[in-house]
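Coordinate analysis (summary)
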Amino acid sequence: MVEIKHLPAVNHEFPPLKNDLILRAARGERTERAPVWVMRQAGRYLPEFRKVREHHAFFDICQTPTLATKITLQPIQRYSGLLDAAIIFSDILVIPQAMGMIVEMPEGKGPTFPQPLAGPDDLARLKYPVDVDHELGYVYEAITMTRKELKGEVPLIGFCGSPWTLMAYMIQGGGSRGGFHSAKRWIFQYPAASKDLLSRITAVCIDFLIGQVRAGAQLVQVFDSWASELSPHDFEEFSLPYLTAIAREVKAGLQAESLHPAPMILYPKGANYALADLARSSGYDVLGLDWCIEPKVARGVVGDLVSLQGNIDPDILYGGREAIEREVKRMCEGFRSSSTEGPKGWIANLGHGITPGVDPDDMHCFLSCVHKYSRQTV
Ligand code: 1CP
């Protein structure tokens, strides 16, 4: 049983935690094996998810705590004993909705905004300030319910999108397939309005992450999935300051309320050039790596300042069991050789989300291989 040092101000009765591997790794401790979870682990590659989806619209599921809880638990039940964390079923795009935008999720098409932000005048259409606890209270309810239903099996991760990544969707009006040209145009043509928008989103992210911890989330992750669209210079100007503000303010907010000091994970996809800066000064406990950097190199860059998460190429899950085993072994050796005695402050994951075409049995193989090859040899 894990000792809880800070009792939450909202006194939810949660079952005692039986597996704190990911919390220890996130705090930089060497663990007996690497904890493992997978971005997008509750989703379309699972037939049991698609079954629920047949009867319910995507955002209806997010807004119905019983359904969100059920889907969050699906991978935990299917891969019983193999996953070391659950992530609450929701989407990064609930923040634009909370800010007053319409977001649709037609099946198989990805997110669509019928009225994206066309220019700076459209900022007036956004709610300001946003009553986050009111707008997104359904996420908190889902978190509290899931935390109870998990019965302490594994910790629960809360999350949000980064200000830049959310801005990209709000302006572009659709998914990554079509690129983010309109959003990029904003940062070059309207830098001041871009920063106004980024600051507004940042304020929502801060309240939202604190609210999720208050509701029972034990770690939180910020997804900067489209950091990859920015040059190093533009990342420093249009993403980094907002990411840093989120870490600083969330930590201060949790402390002020004597809430559980939930470790914070940042996933800055495509921003490996910024790892040294992020480790030194962004305030996150864990940096999530995409698959475009070798673990050894990443550890060399960040030193002992942060824990790492990642980072196998998600497409390896299409390569067959032999390739999965070979590559997981290589990943484990990569993270191990960077700290002589075994995985230290490392959370195993893919380098990006699992994709819909993956065979769930291949995901099983991936998880089993992490258990097998990341064990510390004492
Ligand atoms: O299991 C989990 O991880 C929890 C659920 C989860 C999470 C963490 C979903 C469910 N979405 C997300 C985060 C999210 N959403 C991200 C960050 C992670 C990443 O980079 O993959 C992003 C970029 C989104 C935006 C989004 N929502 C996309 C990507 C579109 C693009 O730009 O290419 C898509 C396809 C969605 C819809 C969505 N979200 C989640 C699911 C299961 C789905 C499929 C929707 C359906 O059922 O039709």
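If you're wondering where the values come from, they're calculated on a predicted model, not measured in any experiment.

1. What to know about the environment of Ile 265
Within the secondary structure, Ile 265 is located in strand β4 (residues 264-268). In this structure the C-alpha to C-alpha distance between Ile 265 and Val 222, which are 43 residues apart in sequence, comes to 6.3 Å. For Ile 265, the residues in contact, after removing those within four places along its chain, are Leu 219, Val 220, Gln 221, Val 222, Tyr 284, Val 286 and Gln 309.

2. Some points on the UniProt feature "domain: Uroporphyrinogen decarboxylase (URO-D)" (unreviewed entry) in the chain
The positions UniProt marks with the feature "domain: Uroporphyrinogen decarboxylase (URO-D)" (unreviewed entry) are residues 35-44. As a span, residues 35-44 carries 0% helix and 0% strand, and end to end its C-alpha atoms are 23 Å apart.

3. Quick notes on the pairing of β4
In terms of residue burial, β4 counts as a mostly covered element, since five of its five residues are buried. Here β4 shows two buried faces, one formed by Met 264, Leu 266 and Pro 268 and the other by Ile 265 and Tyr 267. In terms of strand pairing, strand β3 (residues 219-224) meets β4 through five bridges, oriented parallel. Opposite Asp 224, over in β4, you have Pro 268 as the bridge partner. In the sheet, β4 pairs with strand β5 (residues 286-288) via two bridges, with the strands oriented parallel. The residue bridging Leu 266 from the neighbouring strand is Leu 287, located in β5. Between β4 and its parallel partner β5, the chain crosses via helix α13 (residues 275-281), and the hand of that crossover is right-handed.

4. Details of the packing of helix α2 (residues 47-55) against helix α4 (residues 65-78)
Across the interface, α2 lies against α4 with an axial gap of 10 Å and an inter-helix angle of 160°. Comparing the axis directions of α2 and α4 gives the class roughly antiparallel. Taken as a pair, α2 and α4 cross one another with a handedness that is right-handed. Contact with α2, carried on its side by Pro 47, Glu 48, Phe 49 and Val 52, involves Leu 67, Lys 70, Ile 71, Gln 74 and Arg 78 of α4 and no other residues of that element.

5. Some words on the sheet that holds strand β1 (residues 86-87)
On the basis of which strands lie adjacent, the open sheet formed by seven strands has the order β1-β2-β3-β4-β5-β6-β7 and parallel pairing. Edge positions in the open sheet fall to β1 and β7 (346-350), since each of these has one partner strand only. Strands in contact with helix α14 (residues 295-302) are β5 and β6 (307-312); relative to β6, the strand with the most contacts, it is inclined by about 160°.

6. Thoughts on the environment of Phe 180
Turning to its location among the elements, Phe 180 is positioned in the loop between α8 (163-172) and α9 (181-189). A relative accessible area of 0% places Phe 180 in the buried class. Counting along the chain gives twelve residues from Phe 180 to Ala 168, while the straight-line C-alpha distance between them is 6.3 Å. Discounting chain neighbours no more than four positions away, the residues touching Phe 180 are Ala 168, Tyr 169, Gln 172, Gly 174, Gly 175, Trp 226 and Glu 229.

7. Side note on the site of the ligand
Near the ligand lie 24 residues; those nearest to it are Arg 53, Tyr 169, Ser 176, Ser 225 and His 352. Within the side chain of Asp 91, a nitrogen or oxygen atom sits 2.7 Å from a nitrogen atom of the ligand. In the environment of the ligand, an oxygen atom lies 2.5 Å from a nitrogen or oxygen atom belonging to the side chain of Ser 225. Surface burial for the ligand is 93%, taken as the share of its 890 Å² of free accessible area covered by protein chains. Among the cavities detected, the one that contains the ligand is the largest pocket.

8. Quick look at the layout of surface pockets
Here the largest pocket defines a volume of roughly 1,300 Å³. Contributions of two or more residues to the lining of the largest pocket are made by α2 and α8.

9. A short note on the pattern of salt bridges
Scanning all chains against the criterion turns up 20 salt bridges. The salt bridge partner of Arg 24 is Glu 32, with a shortest N-O separation of 3.2 Å. Two residues, Lys 251 and Asp 285, come together in a salt bridge whose shortest N-O distance is 3.1 Å. With Lys 251 in helix α12 (residues 240-256) and Asp 285 in the loop between α13 and β5, this pair connects stretches of sequence that are 34 residues apart. Residue Lys 251 is classed as partly exposed on the basis of its relative accessible area, which comes to 31%.

10. Examining unusual backbone geometry
Pro 129 follows Tyr 128 through a cis peptide bond whose omega is -10°. Mapped onto the secondary structure, Pro 129 falls in the loop between α5 (94-98) and α6 (132-135). With an omega of -5°, the peptide bond between Gly 310 and Asn 311 qualifies as cis. With respect to the element layout, Asn 311 can be found in strand β6. In the Ramachandran plot, Arg 40 falls in the positive-phi region, its phi being about 70° despite a non-glycine side chain. Mapped onto the fold, Arg 40 is located in the loop between α1 (21-26) and α2.

Rules and cut-offs
Residues numbered from 1 in each chain as written. Predicted model: local features only at pLDDT ≥ 70, side-chain atom pairs only at ≥ 80, totals over all residues. Heavy atoms only, no water. Helix = DSSP H or I, 4+ residues; strand = E, 2+ residues; numbered from the N terminus. Contact = heavy atoms within 4.5 Å. UniProt positions renumbered as here; feature names shortened; annotations may be inferred. Buried < 20%, exposed > 50% of the residue type's maximum accessible area, 1.4 Å probe, protein only. Pairing = 2+ DSSP bridges. Right-handed = clockwise from strand over helix to strand, strands pointing away. Axes fitted to C-alpha atoms, helices over the stretch in contact; angles between N-to-C directions. Parallel < 35°, antiparallel > 145°, perpendicular 65-115°, else oblique. Left-handed = near helix turned anticlockwise from the far one by under 90°. Near = heavy atom within 4 Å. Polar contact = N/O pair within 3.5 Å; in protein donor to acceptor, adjacent residues only side chain to side chain. Areas by Shrake-Rupley, 256 points an atom, 1.4 Å probe, with all protein chains shown as cover. 1 Å grid on protein atoms, 1.4 Å probe; cavity = no way out; pocket = protein on both sides within 12 Å on 5 of 7 lines; lining within 4 Å. Sits in = over half its atoms within 2 Å of the grid points. Points joined across faces, edges and corners; volume = space filled by probe spheres on them. Salt bridge = Lys/Arg side-chain N within 4 Å of Asp/Glu carboxyl O.

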